[in-house]
Structure formats: C-alpha cells, structure tokens
Amino acid sequence: MKTIYAAVVLALGLLGVGSAVAASNQIVVEKAWARATPKMAVTGGGYLTVTNSGPGEDRLLDVTSPDAEKIQFHAMAIDNGVAKMTRLLAIELHPGVPVVFKPGGIHMMLLGLKHQLKEGETVPLILTFEKADAIEVEARVLGIAATGDPGTQAGSGN
C-alpha cells in the first residue's frame, strides 16, 4: 500500500512540474507571414504578432530560420518625407500589449535567404526570448505585394 501511495504522490508531483514548466511560457505568437521574393533576392520581410500574456516584462531577443543566414528586427518611420529604417536589438514585450510586426513599422528582415520565398510555402521561425521558452512557428508566404495576413496561425509555449 505504501508503494502505491508513493507512486501516486510521485506521479502527482511530476504533473505539477509539467504544469509549472508549461505555464512559465506565456508568450503567444500569431499571424506569422512573409512576403514572396523575386528569384535572386537575398533579403525578405517577415511579420507576426507577439503578445506577452504573463504578469511580467519579457523581451524578444532573436529570431532564426534555416531559410536565412540571419534575421534582424527593424523599425521603419517617415522623417521629413523620407523612409528610414532603424535596427532594433530586442523587442520589449509588456504584459497584455501585443507587438504587431507589419509593413511600414516594426518588421523582421530575413537576410541571406537560402532560396526564393514562394507564395503558398512556409518559412520556419524560431523565436528566442529573455525569459520565456523558445517558440517555433511557420510563417505563411503571401504574395510579393501582400500587406497583411488574413489567417490566424498561432504558436505558443503553453
């Protein structure tokens, strides 16, 4: 009887640990998409929405993909009629405030593309955070002139 009791306590303890690990990642990533690129292009644009549903601050530190040598965060702004891009080293994620990556605003630059991004395909992305667990998503490749993703593909660490 003691052996059964010990096994039940151990099993419940392991379930509790699994819940704590899953609950530690309260970041939601959705609407991931990229623009199709011309045949010889080595740079592409990527977009998504990241929401920190946890109680504390976090930061998106990096995004990687096997389809690009590196990915950088950029912000675009118009200054005296001239579009300017600024590289961002990290993206601050405040609780409950979605960060929307979109054309003409914050976006990802996929640099050193290893192949053409073709409409209808997907691009795997791995997002790394300061506190939360890494999240993997598939970004849908939309048309070369696309301005937004009508889909709601999502990924989270839960």
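Everything below is about the structure shown above.
Keep in mind that this is a model prediction, so the values were computed, not measured. (Residues numbered from 1 in each chain as written. Predicted model: local features only at pLDDT ≥ 70, side-chain atom pairs only at ≥ 80, totals over all residues. Heavy atoms only, no water.)

K.L.:
Provide a residue-level description of unusual backbone geometry, including the pertinent values.
P.N.:
Residue Lys 31 is not a glycine yet carries a positive backbone phi of 55 degrees. For Lys 31, the position within the fold is in strand E1 (residues 27-35). According to the relative accessible area criterion, Lys 31 is partly exposed, its value standing at 35%. At Asn 80, a residue that is not glycine, the phi angle is positive and equals roughly 55 degrees. (Helix = DSSP H or I, 4+ residues; strand = E, 2+ residues; numbered from the N terminus. Buried < 20%, exposed > 50% of the residue type's maximum accessible area, 1.4 Å probe, protein only.)

K.L.:
Could you give me a rundown of the layout of surface pockets, with the residues and numbers involved?
P.N.:
Of the volumes computed, that of the largest pocket is approximately 160 Å³. Taken together, 14 residues line the largest pocket, and the ones lying closest to its centre are Arg 35, Gly 44, Gly 45, Tyr 47 and Met 109. Only strand E2 (43-52) and strand E8 (106-113) provide two or more residues apiece to the lining of the largest pocket. With 3 residues, E2 is the single largest residue contributor to the lining of the largest pocket. (1 Å grid on protein atoms, 1.4 Å probe; cavity = no way out; pocket = protein on both sides within 12 Å on 5 of 7 lines; lining within 4 Å. Points joined across faces, edges and corners; volume = space filled by probe spheres on them.)

K.L.:
With reference to specific residues and values, describe the packing of aromatic side chains.
P.N.:
Counted according to the given criterion, the structure contains 2 aromatic pairs. Geometrically, the ring pair formed by Phe 73 and Phe 101 is edge-to-face, given 6.1 Å between the ring centres and 65 degrees between the ring planes. Of this pair, Phe 73 sits in strand E4 (residues 68-79) while Phe 101 sits in the loop between strand E7 (99-100) and E8, and the two are 28 residues apart along the sequence. We note that Phe 73, like Phe 101, is buried. (Phe/Tyr/Trp six-rings, centres within 6.5 Å; stacked < 30°, edge-to-face > 60°.)

K.L.:
With reference to specific residues and values, describe the pairing of strand E10 (residues 135-142).
P.N.:
One ladder, built from 3 bridges, connects E1 with E10; its direction is parallel. Looking at the pairing, Arg 35 lines up with Leu 142 of E10. As judged from the 6 bridges shared by strand E9 (residues 122-129) and E10, these two strands associate in the antiparallel manner. Within E10, the residue paired with Leu 127 across the bridge is Ile 135. Linkage of E9 to E10, two consecutive antiparallel strands, is achieved through a turn of 5 residues. (Pairing = 2+ DSSP bridges.)

K.L.:
Let's hear about the nonpolar core: which residues, and what values?
P.N.:
Val 50, Leu 60, Phe 101, Leu 125, Leu 127 and Phe 129 are the most contacted members of the largest nonpolar core, which totals 33 residues. The set of elements that each furnish at least two residues to this core consists of E1, E2, strand E3 (58-64), E4, strand E6 (91-93), E8, E9 and E10. Non-local contacts of Phe 129, meaning those with residues more than four positions away in its chain, are made with Ile 27, Val 29, Val 50, Asp 58, Arg 59, Leu 60, Leu 61, Leu 93 and Ile 135. (Core = buried A, V, L, I, M, F, W, Y, C linked by side-chain atoms within 4.5 Å. Contact = heavy atoms within 4.5 Å.)

K.L.:
Would you mind going over the pattern of salt bridges in detail, with residue names and values included?
P.N.:
What the rule picks out here adds up to 3 salt bridges. The closest approach of N and O atoms between Arg 59 and Glu 130, which form a salt bridge, is 3.3 Å. Placement of the pair is Arg 59 in strand E3 and Glu 130 in the loop between E9 and E10, with a sequence separation of 71 residues. Overall, Arg 59 belongs to the partly exposed group, its relative accessible area being 27%. With a relative accessible area of 42%, Glu 130 lands in the partly exposed category. (Salt bridge = Lys/Arg side-chain N within 4 Å of Asp/Glu carboxyl O.)

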